[in-house]
Amino acid sequence: MFKELKKSVLLFSGLTLICSVAYPFTMNMIGEYAFADQAKGSLVYEGKTVVGSTLIAQNFTKAYYFHPRPSAAGTNGYDGTSSGGSNYGYTSQKLHDAVKARVEAYRSENNLSSAQKVPMDAVTTSGSGLDPHISVMNAMIQAKRIAASRGIEETQVIKLLRENIQKPYWGIIGEEKVNVFNLNLILDREFGKVKI
Amino acid sequence: MEVLDIVLFALFAFTVVFFGSFIGNYLYKIYDGKKTFLDPIISPIENMFFRISGINTEKSQSFKEYTLSMMVFNIFGIFILFIILFFQSSFLFNPQNFPNLSWHLALNTAISFVTNTNWQSYGGESTMSYFSQMVGLSIHNFLSAATGAAIAVALMRGLTGRGIGNFYVDMTKTTLRLLLPLSIIYAIFLLSQGVIQNLSSYIDVTTIEGVKQTLAMGPVASQEAIKMLGTNGGGFFNANSAHPFENPNELTNFVQIFSIFLIPIALLFAYGKFAGNRREGIAILASMALLFALTLGGTYYAESQGNSMLTSLGVANGPSMEGKEVRFSLGASSLFATVTTAASCGAVNSMHDSYSPLAGGVLMLQMMVGEVIFGGVGAGFYGMMIYALLSMFMIGLMVGKTPMYLGKKIEAYEIKAVIIALLLPSAAILGFSAIAANCADGLAGLNNAGPHGLSEILYAYTSAAGNNGSAFAGLTANTPFYNVTLAIAMFIGRFGVIIPMIAIAASMSNKKTYALSSGSVKSDNMTFTIFLAVTVLILGALTFLPALTFTAIAEHVLMLSGKLF
């Protein structure tokens, strides 16, 4: 028994040194030198302040920005230290009530009639709560509101939107979608920041 | 059905079988002691380890020796991990100053990672220091997968008349010659795609609208690679592979799904080599593929129906996106969910709790039958062998011949072991679910009401006993009641299967091999493939249909009548 334990302890220690020390630290080095941007979280800077990561959703509430999907991460949503979904099932009353409220809010924000259908992704929370993308349909509907509040033509926003649709890999893996954070950065760059 | 989803499924099936056959050949060479291209680098390290630890690499172990080695090694692993987690604040690399874990969470997590379950009662980015993740947890992503593979190889050797081998040797070889090299390549790929890898403290962001947001950081890529390859599934972050830092795009998503099935499929090809007949491995692979086609079809169909409760509120028709990411299509989410529960991986790229009742039921059924539809690394193979031996036994009885598998008699001893391995996890699932559903401690954790609440409980114990680790994550499981009962279920589900399998391996290895005659029942043809698949379905259905009726099926029926809870 003791002999067996000695074997286990020694072998375990050796394998730990290789797989849990040497391996991750080597990957840290490779990350630092070969993929510095990605390894640190694909961060975007304005001057010296970090304004976000292109991979992580942040909340946008102003009318002149594209709005991300609702988020269940953390108590107020979009919490980068508490990822997760609502975990409500199909027959959940809470899901029903939440979606009902979001449908009404979405319609009033975007000036839709009560007969118009609302995109699925616009009123449901993602699995991570940090989903940076929205569907093209969702973005198209928001274009009008953004154009109006920025005092520009809707066609200008739609043109910009179309240029920034992310296509499937090799045309087969994935679906068309837009990254809200990137798109809003581009909006500000093209049409200027909105002064309040 | 979307055309691109079909293309995705086909591409997945083709690539994983193609690469699986290559890795399978390589695995056979490793385990059979043949030369491989990594020898010059790995052999000196391995030999040094074996010499220092005093491991005899030449002699095959007996059932008792093998079991003792495996249990001592694993229990020592549980002990060390418990210590690391329970005293987390005393170790390095803890920039967020996370406190020590409670005894029950540390116990649950330690058993969870050592048993290849990776059930997580905690949220990674709000609980675990980098040291706990990198050194404490991720070593078991390697070792628990390697343990599974070693048991599978012992069984392959036993069934084909060889000595069962040495646990330490096969486990070390799997780690250093298979898991580590693949992980290195994999982690570099993930890094290039945007998976993070650093040890910095969490980053404070001032968003474009001027609000504070904090982004969790960490050494993710290195852990992510082995998490998928080893069918572990324990996410660095709470949202697991739904988190953009773990799984940033469609390409990483595809590779992650691919890498769950890669080694389980490779092991089937290695088995064909051991048996000296490729078709022995392919017959089992075909049986698993048949079952998988059914479950994938079921999940995808159920999900594509959408949630009529949402569409009646004025939401556009289409699949429900609650708990799903826009970057993953319905096909990519359904495929991930089906693969991760078929194999005992448990990583998720969408929240299973928010899946349609029937899709959730299919995912549960896959775990209930014992994670044998490709299954975990090693665990899928030896799990399916339970059913294979049972099938051959039944066929033998039906046609009135001595039941044999690969020319070896299946006798009372093997069948007893098979029944133990089959009954223990099932008893754990149903027994613990019944207890949880009938006590205040169990009901306190529910996030959903009605039949879906019962589903959350049933899913938890099914996932634990099947060593899967995925969850209907609404369940609040970080309580003494759930942590302890789930830990027991995981332990039973792992070692209650492994030990009988070693017994079978050792017993078969000593048996005489009879030459097959024209009248023998063969195990390398279509008849066997179908019989095996049907055995899995019938046994699974007989055991779990009542439980599924009260959960998934009841919820489906009530949903159709528009009932909310």
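Because the structure is a prediction, the values reported are computed rather than measured.

Cut-offs and rules
- Within each chain, residue numbers correspond to sequence positions counted from 1 in written order.
- Think of it this way: whatever chain is written first is A, whatever ligand is written first is 1, and the rest follow in order.
- In keeping with the predicted nature of the model, local features appear solely for residues at pLDDT of at least 70, side-chain atom pairs appear and are counted solely at 80 or more, and the whole-chain, interface and lining totals rest on all residues.
- A helix here means a DSSP run of H or I that spans at least four residues, while a strand means a run of E at least two residues long, and both kinds are numbered starting from the N terminus.
- We take the radius of gyration over the C-alpha atoms and set the globule estimate at 2.2 Å times the residue count to the 0.38 power.
- Counting other C-beta atoms within 10 Å of each residue's C-beta, where C-beta atoms are placed from the backbone, gives the exposure class: buried for 20 or more, exposed for 12 or fewer, partly exposed between.
- Throughout, a residue-residue contact means that the two C-beta atoms, derived from backbone geometry, are no farther apart than 7 Å.
- Here the expected span of a helix is defined as 1.5 Å times the quantity of residues minus one.
- Domain start and end points were adopted from an automatic or database domain assignment.
- For this classification, Asp, Glu, Lys and Arg are treated as charged, while Ala, Val, Leu, Ile, Met, Phe, Trp, Tyr, Cys and Pro are nonpolar and the rest, including Gly, are polar.
- Strands are labelled as partners when DSSP assigns at least two bridges between them.
- Throughout this description, the term nonpolar core refers to a group of buried Ala, Val, Leu, Ile, Met, Phe, Trp, Tyr and Cys residues whose C-beta atoms join them within 7 Å.
- Between the N-to-C directions of two axes lies an angle of 0 to 180 degrees, each axis being a line fitted to C-alpha atoms and, for a helix, fitted only over the stretch in contact.
- Roughly parallel means an angle under 35 degrees; roughly antiparallel means over 145; roughly perpendicular covers 65 to 115; every other angle is labelled oblique.
- Helix crossings get a hand from a simple test, with the near helix turned counterclockwise from the far one by less than a right angle marking a left-handed crossing and a clockwise turn marking a right-handed one.

Attention now moves to the overall build of chain B. Secondary structure summary: chain B contains 19 helices and four strands in total. Taken over the C-alpha trace, chain B has a radius of gyration of 23 Å; the compact-globule value for 565 residues is 24 Å, and the two agree within 12%. With the C-alpha coordinates of chain B rotated into their principal frame, the extents come out at 75 × 55 × 45 Å. Within chain B, the proportion of its 565 residues that are buried is 62%. A fraction of 78% describes how many contacts in chain B between residues 6 or more apart in sequence connect residues 24 or more apart.

Turning next to the overall build of chain A. Along chain A, the regular secondary structure elements total six helices and four strands. Along chain A, from the amino end to the carboxyl end, the secondary structure elements read α-α-β-β-α-β-α-α-β-α. Relative to its length of 196 residues, chain A is extended, with a C-alpha radius of gyration of 22 Å against a globular reference of 16 Å. In terms of overall dimensions, chain A has a C-alpha envelope of 75 × 45 × 40 Å along the principal axes. For chain A, the residues scored as buried account for 45% of the 196 residues in total. In chain A, 53% of the contacts between residues at least 6 apart in sequence involve partners at least 24 apart.

Glancing now at helix H13 (residues 357-368) of chain B. Residue and element names in this part refer to chain B. The terminal C-alpha atoms of H13 lie 16 Å apart, and with twelve residues this matches the ideal 16 Å at 1.5 Å per residue to within 8%. By the criterion of burial, H13 is predominantly enclosed, with twelve of the twelve residues buried. For H13, the secondary structure elements touched by its buried residues are helix H10 (278-304), helix H12 (330-342), helix H15 (412-437), helix H17 (451-465) and helix H19 (526-560). One or two steps after H13, the chain reaches Gly-370, where phi turns positive at roughly 105°.

According to the domain assignment, chain A consists of domain 1 (2-36) and domain 2 (54-191). Averaged C-alpha coordinates put domain 1 of chain A and domain 2 of chain A at centres separated by 42 Å.

Taken together, the contacts link 84 residues of chain A with 102 residues of chain B. Elements with a contribution of two residues or more to the side of chain A that touches chain B: helix H1 (2-34), helix H2 (36-39), strand E2 (49-53), helix H3 (93-109) and strand E3 (133-134) of chain A. Among the elements that make up the side of chain A that touches chain B, the one with the highest residue count is H1 of chain A (20 residues). Per-class residue counts for the side of chain A that touches chain B are 36 nonpolar, 38 polar and ten charged.

Turning our eyes to something else, we now look at unusual backbone geometry. Positive phi outside glycine occurs at Trp-170 of chain A, with the angle close to 50°. Assignment of secondary structure puts Trp-170 of chain A in the loop between helix H5 (154-163) and strand E4 (178-179). Unusually for a residue other than glycine, Thr-231 of chain B sits at a positive phi of about 45°. Relative to the helices and strands, Thr-231 of chain B resides in the loop between helix H8 (220-229) and helix H9 (250-275). Under the C-beta neighbour-count criterion, Thr-231 of chain B is labelled buried, with 36 such atoms within 10 Å.

Glancing now at the pairing of strand E1 (residues 203-206) of chain B. All names here are of chain B. As judged from the four bridges shared by E1 and strand E2 (residues 212-215), these two strands associate in the antiparallel manner. Residue Val-205 lies in a different strand from E2, and its bridge partner there is Gln-213. The hairpin formed by E1 and E2 contains five residues between the paired strands, and Gly-210 there has a positive phi angle of roughly 85°.

All names here are of chain B. Within the element layout of this structure, Arg-494 appears in helix H18 (residues 480-509). When the C-alpha atoms of Arg-494 and Gly-148 are compared, they prove to be 9.5 Å apart, with 346 residues separating the residues in sequence. Discounting residues that sit within four places of it in the chain, Arg-494 has contacts with Thr-115, Asn-116 and Asn-467.

Inside soluble globular proteins, nonpolar side chains tend to come together where they are buried. Grouped together as the largest cluster of nonpolar side chains are 238 residues, with contacts concentrated most on Ala-110, Leu-155, Leu-267, Ala-460, Tyr-461, Met-501 and Ile-502 of chain B. Per-element accounting of this core gives the leading share, 18 residues, to helix H6 (residues 130-159) of chain B. Viewed by domain, this core spans two of them, domain 1 (2-36) and domain 2 (54-191) of chain A, each represented by three or more residues. Setting aside residues no more than four positions away along its own chain, Leu-155 of chain B makes contact with Tyr-382, Met-385, Met-501, Ile-504 and Ala-505 of chain B.

We now examine the packing of helix H14 (residues 379-399) of chain B against H15 of chain B. Packed helix pairs are specified by the crossing angle of their axes together with the interaxial distance, meaning the distance between the axes. All names here are of chain B. Relative to each other, H14 and H15 sit at 130°, their axes nearing to 10 Å. Accordingly, the angle class assigned to the pair H14 and H15 is oblique. Note that H14 runs across H15; the crossing there is left-handed. Between H14, through Ile-386, Leu-389, Leu-390 and Phe-393, and H15, the contact on the second element is made entirely by Glu-414, Ile-415, Val-418, Ala-421 and Leu-422. Classifying every residue of the contact of H14 with H15 gives eight nonpolar, no polar and one charged.

Residues and elements named next belong to chain B. As a packed pair, helix H4 (residues 103-114) and H18 sit with axes 9 Å apart at the nearest point and diverge in direction by 20°. Taken as axis vectors, H4 and H18 run roughly parallel relative to one another. In this structure, the crossing between H4 and H18 has a hand that is left-handed. Here H4 contributes His-104, Leu-105, Leu-107, Asn-108, Ile-111 and Ser-112 to the contact with H18, which in turn contributes Pro-480, Asn-483, Val-484, Leu-486, Ala-487, Met-490 and Phe-491. Of the residues contributing to the contact of H4 with H18, the split by class is nine nonpolar, four polar and no charged.

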